[in-house]
Amino acid sequence: MSVYQKYYGEFKEMYFGNAAIGIIASSCLGAVAAMFILMTGHGFWQMAQLFAVVMICMGFNTAVLSNLPAKQVFNSLIASISVNLLFILFHGLSLL
């Protein structure tokens, strides 16, 4: 059993609780990523990155609110957390 299958099984078992926690986690990480992006400037490139962060967070929230299948919600949660963490790491390291 892969790591993905293990965590997907746990997510699906307690879908509503995990979806609620996922919304909180995705939104908080998105807010931190947006803060780091805006701390590096407010040019076109930063606004494009900010757009990407907002869209990926809203995509996950939409997946939960529209009652998509658990697998699609789980995949959008992974995408949202991954993209937000990449932006946080990229801009966090550039601010050092």
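Let us look at the structure shown here.

Rules used in this analysis
- Counting of residues starts from 1 at the beginning of each chain's written sequence and follows it residue by residue.
- Per-residue local features of the predicted model are confined to residues with pLDDT of at least 70, and side-chain atom pairs are confined, for both listing and counting, to 80 or more; whole-chain, interface and lining totals are unaffected and use all residues.
- Calculated side-chain values reflect all of the structure's heavy atoms, with hydrogen atoms and water omitted.
- Numbered from the N terminus, helices here are DSSP runs of H or I no shorter than four residues, and strands are runs of E no shorter than two.
- For the exposure calls, accessible area comes from a 1.4 Å probe over protein chains only, and a residue counts as buried if that area is under 20% of its type's maximum, exposed if over 50%, partly exposed in between.
- The criterion used for residue contact is that any of the two residues' heavy atoms lie within 4.5 Å.
- Using a 1.4 Å probe, the Shrake-Rupley method yields the accessible areas, and only the shown protein chains count as cover for residues.
- Here a pair means two rings of Phe, Tyr or Trp (six-membered ring of Trp) with centres within 6.5 Å. Their orientation is stacked below 30 degrees between planes, edge-to-face above 60, and tilted elsewhere.
- Here, over-ring charges are defined by two tests on the NZ atom of lysine or the CZ atom of arginine: distance to the ring centre within 6 Å, and angle to the ring normal within 35 degrees.
- Expected span of a helix, by definition, is 1.5 Å for each gap between consecutive residues, and there is one gap fewer than residues.
- The disulfide criterion used throughout: a pair of cysteine sulfur atoms within 2.5 Å.

The next subject is the overall build of the protein. Each helix and strand counted, the protein has four helices and zero strands in total. The helix and strand sequence of the protein, counted from the amino end, reads α-α-α-α. Seen through its principal axes, the protein has C-alpha atoms that stretch 40 × 30 × 15 Å. For the protein, with 96 residues in total, the buried portion stands at 30%. Sequence separation of 24 or more characterises 72% of the internal contacts of the protein that already satisfy a separation of 6 or more. Put simply, the protein shows about 6000 Å² of open surface, and 76% of that area lies on carbon and sulfur atoms.

Right, let's get into the packing of aromatic side chains. Applying the stated criterion to the full structure yields six aromatic pairs. Ring centres 5.8 Å apart and planes at 55° place the aromatic pair Tyr8 and Phe74 in the tilted group. Of this pair, Tyr8 sits in helix α1 (residues 3–13) while Phe74 is found in helix α4 (residues 70–94), placing the two residues 66 residues apart along the sequence. On the basis of relative accessibility, which here comes to 8%, the residue Phe74 falls in the buried class. Three or more aromatic residues joined by ring pairs form one cluster here, namely Tyr4, Tyr8, Phe11, Tyr15, Phe16 and Phe74. Over the ring of Tyr7 we find Lys6, and its NZ or CZ is 5.3 Å from the ring centre. In this arrangement the basic side chain of Lys71 is found over the ring face of Tyr8, its NZ or CZ atom lying 5.6 Å from the centre.

Moving on, we get to unusual backbone geometry. Notably, Asn67 is not glycine yet its phi reads approximately 55°, a positive angle. Overall, the relative accessible area of 59% leaves Asn67 in the exposed class.

In sequence terms Phe74 and His42 are 32 residues apart; their C-alpha atoms lie 32 Å from each other. Not counting the four nearest positions on each side in its chain, Phe74 is found in contact with Tyr4, Tyr7, Tyr8 and Phe11.

Count 3.6 residues to each turn of an α-helix, and residues three or four apart come out pointing the same way. Taking 1.5 Å per residue as the helical rise, helix α2 (residues 15–39) with its 25 residues ought to reach 36 Å, and the 35 Å between its terminal C-alpha atoms agrees with that figure. Within the span of α2, buried status applies to Tyr15, Ala19, Gly22, Ser26, Gly30, Ala33, Ala34, Phe36 and Ile37. Where α2 is buried, its residues meet α1, α3 (44–65) and α4. Among the residues trailing α2, Gly41 stands out with phi positive, at a value near 145°.

Turning our eyes to something else, we now look at the state of the cysteines. The final tally for this structure, using the stated rule, is zero disulfides. Cysteine Cys57 remains unbridged, with the sulfur of Cys28 as its closest cysteine sulfur at 9.7 Å. Overall, Cys57 belongs to the buried group, its relative accessible area being 9%.

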